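Chain and residue survey
If you want the building blocks of each chain, they are given just below.
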Amino acid sequence: MARWCYRHRLVVLLLWVGALFGLGFSASTAGTDYANVFSLPNTDSKRAYDLMEKAFPDSAGDTDTVVWKVDEGTVGDRAVRSRIQPALDEIAGMKGVGGVTSPYAGDQGAAQISRDGRIAYAQITFADQANAVPKELVQDVVDTAQDAERDGLQVELGGQAIQRVQEPPTGLAEMVGIVAAAVVLFLAFGSLFAMLLPIGVAIFGVGTGMFSTQLLSHVTDIPDLAPLLATLIGLGVGIDYALFIVTRHRRGILRGVDPEESAVTALNTSGRAVLFAGGTVCIALAGMLVTNLRFLDGVVIGTSLTVVLSVLAAVTLLPALLGLLGTRVLSRRQRRRLAARGPEPERASGLAARWSAGVQKRPRRIAALAVVAMAVLALPVLSLRLGATDQGNDDAATTTRKAYDLLAEGFGPGFNGPLQVVTDGGDTATLVKGIQDTAGVARVAPLPPAEGVTVIQVVPTTSPQSVETDRLIETLRDEVIPRAGAEAHVGGVTAVSKDFASVTGDRLPLFIATIIGLGFLLLLVAFRSLVVPLTAALMNLIAAAASFGVLVAIFQWGWGLDLLGLGKEGPINAFLPVIMLSLLFGLSMDYQVFLVSRMHEEWVHTKDNARAVRVGLAETSRVINSAALIMVCVFLAFVLSGDSGAAMAGVGLAAAVALDAFVLRTALVPAAMHLLGNANWWLPGWLDKRLPHLAVEPKEDSVEEPGVEGGASAVHGFVRARNGEPVAGAAVKLLSVGGRQLDRVTSLADGSYIVSVPGPGRYLVAISAASYGSRAQHVVVADGPLVYDVELAEGEVDAVN
């Protein structure tokens, strides 16, 4: 497939361009129909909602608030009223505004003025829900209300529709993430064209995914959070997948391979790993379905579709683009050096090789340090509290946060999150009296009944996010309502948030078991090992615990919130663990697949675990760290999205990816694999026979196995250091091209060695020595003995090419 795409590059490019523009035109014509179907079946708050919907079917439309405060006098003063009332009348006359409830409307409005008379509020009811209200209308409402301000009179606005106009311009977070990724790619490659390749592939993958999700929103329920998360994950994986393939392709060209063959080899090795990595991400995302929360079904559809299209772009569009560029994927300096000196076998040297050698020498110490660091970061997770963020968590400079604080100041902390006790039977008067006598209740206001249903507004004395409010909900449900003998349920936004947190917490173990189990099975089939997938599962749990520890420290404890400009501390969003764990497990598996697939490739050739781990780490650590740095930049850019949920997910995923790549995959995983030795690749024979063969590595070239027609022969020579000194005690192994060991010897004092060969054919000679690097080379033995001298250098690792 890679060869076909390379040779028919213009056709492939035109197909992708046509798909992107065709889907884009269709999506822009059809518009969006995102729907936040937030259903919690079999919960008390859902029963309360169903009763309210039955009794008040016309209570649609978003309700927002205008709040004002005077420094002196009262809000009833003529000077204040003469400025506020005309503004409210003008807002009420705007097209798309259903009505305005003013505190100046007789006795009924008196409840909308604080006891000290200095703070008042008016409610604005729009004709549509918040997401459907035009931003122009919302901005007109904000401007009209705030034009009434003067010295000593503060006017602020709160509500979901108001919050939308505070968000930064759409696409700002994505643009910042792409620019940051471009800088990292240019530093990694030193070539403009090589930098543009991963970004271009990611844009095609994310673009087609976004437009497809937008079209699907007309036939199924997809929440408005889905495209934001799909962009978040799509940009990250799209750039990373292309980065791995382009890196392998550049390495092939530098080694003198024809560009077409190099591209085919890159897709047939790193491309296979990309397919497996994309599969693990989709499996992790699909794990959200076991929670049975309809809100997440659309998220799974949008994010999975974007990941699939990103993988498809990486394995079809990318080889076509590589064909268009040829050797221009290299920097000018690299092309000049290649033309002047010719190809040189690339050897992993420098920091990557030295680190890989250091891990091999001190695996216990490095593993212990990594475990301690991750354990310390995971400690805050013990105080994790799930809930919901509201406008009280917005930045202190926003009008929504100021309105929230003014309402809390004038009417009590619980005013921003009232509870709704909904009853359709029993003694309502006794129930109201019981609620009034309950500790933690500030005010109780029963509304006129409709259709036999009575709604009792309950304002707690504590804020919506406090633990005391959660306890009040439990007290009302478990004690007050049963004692009154009424058929009643506790609803409202605060109760829904509490129920959602409870449901999520109950289903989290099943969800984690599902995604770990499915990921385990995929890695088991890919690497034909029990230990590798077990190690990956354990590392994923460690990464999850540490990243949630960071989240708790920042968003729940408030460490660094001011620095990040993310408002006020509060509980962790209840939906975040499910979404973030899905993305985290998928991305963690990505790095595991890329790291271990290279190790496994070397293991298949040499059957030397120490060498396989060392080569795999030396060759992939740099590209994994570059990929992780790109993802961290993309995720952190979503702090600028204006959406608190996306900002929280961005910070959490950025921390998770950084810890996963820089601590786990480049330190703890290779150290553990050195300690485990050949057990890494153990698989019971009976299981090996029953598992399907879906290897990450391509099949070996069809080279004839060594025969005996020409008689036995030998490979011999000397093992020397760079300075010409003989290397005694070096391990010299002769292996078949399939990795079967045929002979093994140790070099003598003068560095000489000789291994016996069964007959003419192609073989692999692998040589390693303590305190030196290692060498592995395919050799072809003809009728007579072959002379093969080897030079070893400290701190270098070459690999089977």
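Up top is the structure.
Everything numeric here is computed off the predicted structure, so don't read it as measured data.

Rules and cut-offs
Residues numbered from 1 in each chain as written. Predicted model: local features only at pLDDT ≥ 70, side-chain atom pairs only at ≥ 80, totals over all residues. Heavy atoms only, no water. Helix = DSSP H or I, 4+ residues; strand = E, 2+ residues; numbered from the N terminus. Buried < 20%, exposed > 50% of the residue type's maximum accessible area, 1.4 Å probe, protein only. Contact = heavy atoms within 4.5 Å. Axes fitted to C-alpha atoms, helices over the stretch in contact; angles between N-to-C directions. Parallel < 35°, antiparallel > 145°, perpendicular 65-115°, else oblique. Left-handed = near helix turned anticlockwise from the far one by under 90°. Nonpolar A, V, L, I, M, F, W, Y, C, P; charged D, E, K, R; others polar. Pairing = 2+ DSSP bridges. Patch = residues over 30% accessible without salt bridge, like charges linked within 9 Å, V, L, I, M, F, W, Y side chains within 5 Å. Areas by Shrake-Rupley, 256 points an atom, 1.4 Å probe, with all protein chains shown as cover. Salt bridge = Lys/Arg side-chain N within 4 Å of Asp/Glu carboxyl O. Lys, Arg positive; Asp, Glu negative; His and termini not counted. Charge placed at Lys NZ, Arg CZ, Asp CG, Glu CD. Phe/Tyr/Trp six-rings, centres within 6.5 Å; stacked < 30°, edge-to-face > 60°. Lys NZ or Arg CZ within 6 Å of the ring centre and 35° of its normal. Disulfide = S-S within 2.5 Å. Polar contact = N/O pair within 3.5 Å; in protein donor to acceptor, adjacent residues only side chain to side chain. Core = buried A, V, L, I, M, F, W, Y, C linked by side-chain atoms within 4.5 Å.

1. Remarks on the overall build of the chain
- Counting its secondary structure elements, the chain contains 24 helices and 18 strands.
- When its C-alpha atoms are laid out on the principal axes, the chain stretches across 110 × 55 × 45 Å.
- Counting every position in the chain, which comprises 801 residues, the buried fraction comes to 55%.
- Considering only contacts within the chain whose residues lie at least 6 apart along the sequence, 77% involve residues at least 24 apart.

2. Looking at the packing of helix H21 (residues 576-606) against helix H23 (residues 644-676)
- Relative orientation of the contacting elements H21 and H23 amounts to 30 degrees, with a least axis distance of 10 Å. Between H21 and H23, the interaxial angle falls into the category roughly parallel. The handedness of the crossing between H21 and H23 is right-handed.
- Of the residues in the contact of H21 with H23, the class split is 17 nonpolar, four polar and two charged.

3. Considerations on the sheet that holds strand S13 (residues 741-746)
- Reading across from one edge, S13-S12-S15-S16 is the order of the four strands in this open sheet, with antiparallel pairing throughout. Among the strands making up the open sheet, the edge pair consists of S13 and strand S16 (774-781). On average, each strand axis in the sheet is tilted by 20 degrees relative to the strand beside it, whichever way the strands run.
- In the packing of H21 onto the sheet, the strands contacted are strand S12 (731-736), strand S15 (761-768) and S16, and the crossing angle to S12 comes to about 90 degrees.

4. Digging into a negative patch on the surface
- A cluster of acidic side chains, namely Glu90, Glu136, Asp140, Asp143, Asp147 and Glu149, defines a negative patch on the protein surface.
- Of the residues forming the negative patch, the biggest block, three residues, is contributed by helix H5 (residues 135-146).
- The residue Glu136 is located in helix H5 in this model.

5. Examining the packing of aromatic side chains
- What the rule picks out here adds up to seven aromatic pairs.
- With centroids separated by 6.1 Å and ring planes inclined at 40 degrees, the aromatic side chains of Trp68 and Tyr104 adopt a geometry described as tilted. On the criterion of sequence distance, the pair formed by Trp68 in strand S1 (residues 63-70) and Tyr104 in the loop between strand S2 (97-101) and strand S3 (119-126) is long-range, its members being 36 residues apart.
- With a centroid separation of 5.7 Å and 20 degrees between ring planes, the pair formed by Trp603 and Trp681 is classed as stacked. Of the two residues, Trp603 sits in helix H21 while Trp681 sits in the loop between H23 and helix H24 (685-690), which places them 78 residues apart along the sequence. This pair shows no difference in class: Trp603 is buried, exactly as Trp681 is.
- For Arg328, the ring lying beneath its charged end belongs to Phe193, and the centroid distance is 5.5 Å.

6. A short note on the state of the cysteines
- Here the structure, examined in full by the defined rule, presents zero disulfides.
- In this structure Cys5 is a free cysteine whose sulfur lies 19 Å from that of Cys282, the closest cysteine sulfur available.
- A relative accessible area of 18% places Cys282 in the buried class.

7. Focus: the side chain of Ser747
- Counting through the fold element by element, Ser747 comes out in the loop between S13 and strand S14 (752-757).
- Relative accessible area serves as the criterion here: at 5%, Ser747 is assigned to the buried category.
- Polar contacts involving the side chain of Ser747 include one to the main-chain carbonyl oxygen of Val727, which spans 2.8 Å.
- A polar contact of 2.9 Å, which involves the side chain of Ser747, links it to the backbone nitrogen of Ala730.
- Setting aside residues no more than four positions away along its own chain, Ser747 makes contact with Val719, Val727, Ala728, Gly729, Ala730, Ser752 and Tyr753.

8. Observations concerning the nonpolar core
- Judged by nonpolar contacts, the single largest core of 155 residues is most densely connected at Tyr241, Met288, Phe555, Tyr591 and Phe635.
- At 18 residues, the largest contribution of residues to this core is made by H23.
- Residues contacting Tyr241, with those up to four places away along its chain left out, are Val274, Ala277, Gly278, Val281, Val311, Ala314, Asp590 and Phe594.
- Val70, Leu137, Val155 and Leu157 belong to the second-largest nonpolar core, a separate cluster that totals 28 residues.

9. A word on the sheet that holds strand S7 (residues 441-446)
- As summarised here, the arrangement of the four strands in space is S7-S8-S6-S9, forming an open sheet in which the pairing is antiparallel. With one partner strand each, in any of the chains shown, S7 and strand S9 (488-491) form the two edges of the open sheet. Here the average twist between neighbouring strands, direction ignored, is 20 degrees.
- The pairing of S7 with strand S8 (residues 454-460) spans five bridges and is classified as antiparallel. From the neighbouring strand, Ala445 faces S8, where its bridge partner is Gln457.
- Of the strands in this sheet, strand S6 (419-423), S8 and S9 are in contact with helix H3 (residues 44-55), which crosses S9 at around 100 degrees.

10. Remarks on the side chain of Ser597
- Looking at where Ser597 falls in the secondary structure, it is placed in helix H21.
- With a relative accessible area of 9%, Ser597 lands in the buried category.
- Among the polar contacts made by the side chain of Ser597, one reaches the main-chain carbonyl oxygen of Val593 at a distance of 2.7 Å.

11. A closer look at the pattern of salt bridges
- Enumeration over the complete set of coordinates arrives at 20 salt bridges.
- Note that Arg3 and Glu260 form a salt bridge whose closest N and O atoms lie 3.1 Å from each other. On the criterion of sequence distance, the pair formed by Arg3 in helix H1 (residues 2-7) and Glu260 in helix H10 (residues 259-286) is long-range, its members being 257 residues apart.
- With relative accessibility at 28%, the residue Arg3 sits in the partly exposed group.
- You can call Glu260 buried: its relative accessible area is 16%.
- One salt-bridge network, held together by shared partners, links Arg251, Arg255, Arg598, Glu602, Arg611 and Glu619.

Any link to function would need more than the numbers given here.
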